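# Coordinate analysis (summary)
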Amino acid sequence: LSPSARATTSTGAIVNMYSTDAKQCDILLQILPIFLLAPLQICVCLYLLSREIGVAVWAGVGFMIGLVPVQGLVFGLFFTQIKKALALTDTRVKLINELLSGIRIIKYYAWERPIESQVEVQRNKEIGVLRRIAYGIGIGFSILMGAAPVMQPVVVFAVYTGPMGRHLTASTAFYSIALFGLLRGPLMFLPFGLMNYLQTLAASTRIGDFLSKDEVE
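Thresholds, definitions, all that
Residues numbered from 1 in each chain as written. Predicted model: local features only at pLDDT ≥ 70, side-chain atom pairs only at ≥ 80, totals over all residues. Heavy atoms only, no water. Helix = DSSP H or I, 4+ residues; strand = E, 2+ residues; numbered from the N terminus. Expected span 1.5 Å × (residues − 1). Bend = angle between axes of the 7 residues up to and from the residue. Core = buried A, V, L, I, M, F, W, Y, C linked by side-chain atoms within 4.5 Å. Buried < 20%, exposed > 50% of the residue type's maximum accessible area, 1.4 Å probe, protein only. Contact = heavy atoms within 4.5 Å. Phe/Tyr/Trp six-rings, centres within 6.5 Å; stacked < 30°, edge-to-face > 60°. pLDDT = per-residue confidence, 0-100. Salt bridge = Lys/Arg side-chain N within 4 Å of Asp/Glu carboxyl O.

### Structural notes on helix H7 (residues 170-211)
Between its first and last C-alpha, H7 extends 60 Å over 42 residues, near the 62 Å set by a 1.5 Å rise per residue. Along its length, H7 reaches its greatest deviation from straightness, about 25°, at leucine 183, and the proline proline 186 lies no more than four positions downstream.

In structure tokens form, the structure reads like this:
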């Protein structure tokens, strides 16, 4: 890197890129085939459901579409917190590297307590952001990945027996429940895949910015 590029790039950021960001890109490549096949599986199941229960299936589709704004809000907040966590991790790793490189001077002047307090303050900031991310995953994704697939057949059967006035037979109910069971997997996986995509997007942006910096001729 050129001197100007080295001045704007810390050692902590470089360490974080090859230890965390590169691994995140590898995780996305592993789950990418399943993530791409999930919409196809959803479309096939919805087609089979439409043949069995008719237009009532569109109540389930409307229910899924109604969750899109909620998903956008959750993913937007999640992406913002991920960027904050990466920035705080860079700062903490940089501080630790500076501490280790100057450990002799720190021990000579007995600066252990002040340095320790600086590391604790930085780490507490990072833990606070990671805690908010964990709460967001626990609350937001439990609703999107857990409650939504369970509520969808309830909405569909309510429309099928209510406004449509159709009689729900055992064969129709069990066949539809089986298809809804097949839908549950991709519906639960899509938010997880989008979460990993957002993490990889932030990681690849950081790596791209680093690789595009000026180099020594």
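### Some thoughts on the nonpolar core
Counting residues in each nonpolar core, the largest one holds 15 residues, and the members touching the most others are Leu46, Leu49, Ile53, Phe180 and Leu183. For this core, the elements supplying multiple residues, two or more each, are helix H2 (11-53), helix H3 (57-66), helix H6 (112-161) and H7. In terms of residues, this core owes the most to one element, H2, which gives 5 residues. With residues up to four places along the chain from it excluded, the contact list for leucine 49 reads Gly54, Val57, Ser176, Leu179, Phe180 and Leu183. One finds Phe78, Leu88, Ile133 and Met195 within the second-largest nonpolar core, a separate group that totals 9 residues.

### Observations regarding the environment of glutamate 126
Relative to the helices and strands, glutamate 126 resides in helix H6. Sequence separation of glutamate 126 and leucine 86 is 40 residues, and the distance between their C-alpha atoms is 8.7 Å. Look past the residues within four positions of glutamate 126 in its chain and what remains in contact with it is Leu88, Thr89 and Arg92.

### Brief notes about the packing of aromatic side chains
As enumerated under the stated definition, the model contains 3 aromatic pairs in all. On the basis of an interplanar angle of 85° and a centroid distance of 5.0 Å, the ring pair of tyrosine 108 and tyrosine 109 is categorised as edge-to-face. An angle of 20° between the planes, with centres 5.0 Å apart, marks the rings of tyrosine 109 and tryptophan 111 as stacked. For tryptophan 111, a relative accessible area of 43% gives the class partly exposed. Through a chain of ring-to-ring contacts, the aromatic side chains of Tyr108, Tyr109 and Trp111 assemble into a single cluster.

### Looking at the confidence of the model for the protein chain
Within the protein chain, residue pLDDT values average 80, and 94% of them lie at 70 or more. Predicted confidence in the protein chain is weakest over helix H1 (residues 3-7), with a mean pLDDT of 70, and strongest over helix H5 (residues 103-108), with 84.

### Focus on unusual backbone geometry
Unlike most non-glycine residues, alanine 110 shows phi in positive territory, near 55°. If you trace the backbone, alanine 110 turns up in the loop between H5 and H6. Given the relative accessible area of 53%, alanine 110 is considered exposed.

### Some points on the pattern of salt bridges
Under the defined criterion, the tally for this structure stands at 3 salt bridges. Of the charged contacts in the structure, one is a salt bridge between glutamate 126 and arginine 92, with a shortest N-O distance of 2.4 Å. Pair noted here: glutamate 126 is in helix H6 and arginine 92 is in helix H4 (residues 68-101), with a separation of 34 residues, a long-range link. Arginine 92 gets classed as partly exposed once you look at its relative accessible area, which sits at 22%. One salt bridge connects glutamate 126 with arginine 123, and the closest N-O pair in it is separated by 2.9 Å. Here glutamate 126 pairs with arginine 123, and both are found in helix H6, just 3 residues apart, close to one helical turn. On the accessibility criterion, arginine 123 (32% relative accessible area) is partly exposed. Salt bridges here are not isolated pairs; linked through shared partners, they connect Arg92, Arg123 and Glu126.

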